[in-house]
Amino acid sequence: MNQPNYPTTARFVNGWHGKLDLVYAQRQGKTALIHNQNTAPLKVQRPFYPEGQEICHSVILHTAGGIVGGDRLSYKIHLQPKAQALITTAAASKIYRSNGAQARQNIDIQVDAGACLEWLPQETIVFNGVRYRQDLRVELATEACWIGWEITRFGRSARGEKFCLGEWRSHTEVWQQGVPLWIDRQWLPGSEEVFHSPHGLAGQPVTGSLVYIGQEVSQELVQKARTLFLSPSSQSPVPSPHSLAGVTRLSCGLLCRYRGSGTTEVRNWFTAVWQLLRQSVLARGGCVPRVWFV
């Protein structure tokens, strides 16, 4: 018997209202998770320190296995002054097709003076037929910084599925003292026309955005980020001829965009750019989270 690719009917009716509230503080040179409050299906693993006590690594778990219509997930993340944290997820997120209700995820991030958050979730797989919206808002204090990325696969392309039904929305805002530094609103309706349109997915199922906001970067660094995509290496082979990538210099940071066919391709590029930013603007090494290899 074939297994269903979505949760049970009871889950559809009720929906999860999960919450996760995390506070990080810097104490005597160590960043500690001083507050951790959660409601199922969200939880965070015990923090670990693969690159020393200053930078706290955290892994978020979604114990239900995926998101369906009617689910509401809320995250509040606060880095107190000088705290340094890297947050990722234990596995790729799955957004299952909807029974008509919208699924929502709200992420509110506050980064205080001198603090830095690296928000690096693993990719999201959007099933055909979803109704999903994510709102992410970052509030930065003076001399705070944020690096974040979003990688999305539209449809289970390995089995020939396209994103031709439903809708996906992603709204990201980064503010500093009442001033908008970067606002990005994306909407993708599921349809055959949009999937193949050059103004949509152009037949490519994977998109990605990487953003660094904190301080002005040099044109040389922007060019290096472009070169990391175009130049082959043992970790990042020659990109697919159908893939497109771009790097834009922001007033106080950097933006990378990707549209193509490979999750591995965009992850390798984003990881290389993230490590470049770590070395160039954060003066730290390129310690890759261990869960990415699981």
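Look above for the structure.
Rules of the game
- Residues numbered from 1 in each chain as written.
- Predicted model: local features only at pLDDT ≥ 70, side-chain atom pairs only at ≥ 80, totals over all residues.
- Heavy atoms only, no water.
- Helix = DSSP H or I, 4+ residues; strand = E, 2+ residues; numbered from the N terminus.
- Contact = heavy atoms within 4.5 Å.
- Polar contact = N/O pair within 3.5 Å; in protein donor to acceptor, adjacent residues only side chain to side chain.
- Pairing = 2+ DSSP bridges.
- Axes fitted to C-alpha atoms, helices over the stretch in contact; angles between N-to-C directions.
- Buried < 20%, exposed > 50% of the residue type's maximum accessible area, 1.4 Å probe, protein only.

Caption draft 1: Region of interest: the environment of E167. Within the fold, E167 resides in strand β13 (residues 167–176). In sequence terms E167 and H62 are 105 residues apart; their C-alpha atoms lie 22 Å from each other. Contact partners of E167, with chain neighbours within four places excluded, come to Q102, V130, R131, Y132, W187, L188, P189 and G190. Within polar-contact distance, the side chain of E167 engages the side chain of W187 at 3.2 Å.

Caption draft 2: The sheet that holds strand β2 (residues 30–39), seen in detail. Strand order in this open sheet of seven strands is β2-β1-β5-β8-β11-β13-β14, and the pairing throughout is mixed. Either end of the sheet is taken by a strand with one partner, and the two such strands are β2 and β14 (179–189). Taking the axes of each pair of neighbouring strands and ignoring which way they run, one obtains an average angle of 10° across the sheet. Here eight bridges tie strand β1 (residues 17–27) to strand β5 (residues 72–79), and the two strands are oriented parallel to one another.

Caption draft 3: Layout of the environment of G65. As for its placement among the helices and strands, G65 is situated in the loop between β4 (55–62) and β5. Residue classification places G65 among the partly exposed positions, given a relative accessible area of 41%. Considered as a pair, G65 and R133 are 68 residues apart in the sequence and their alpha carbons are 18 Å apart.

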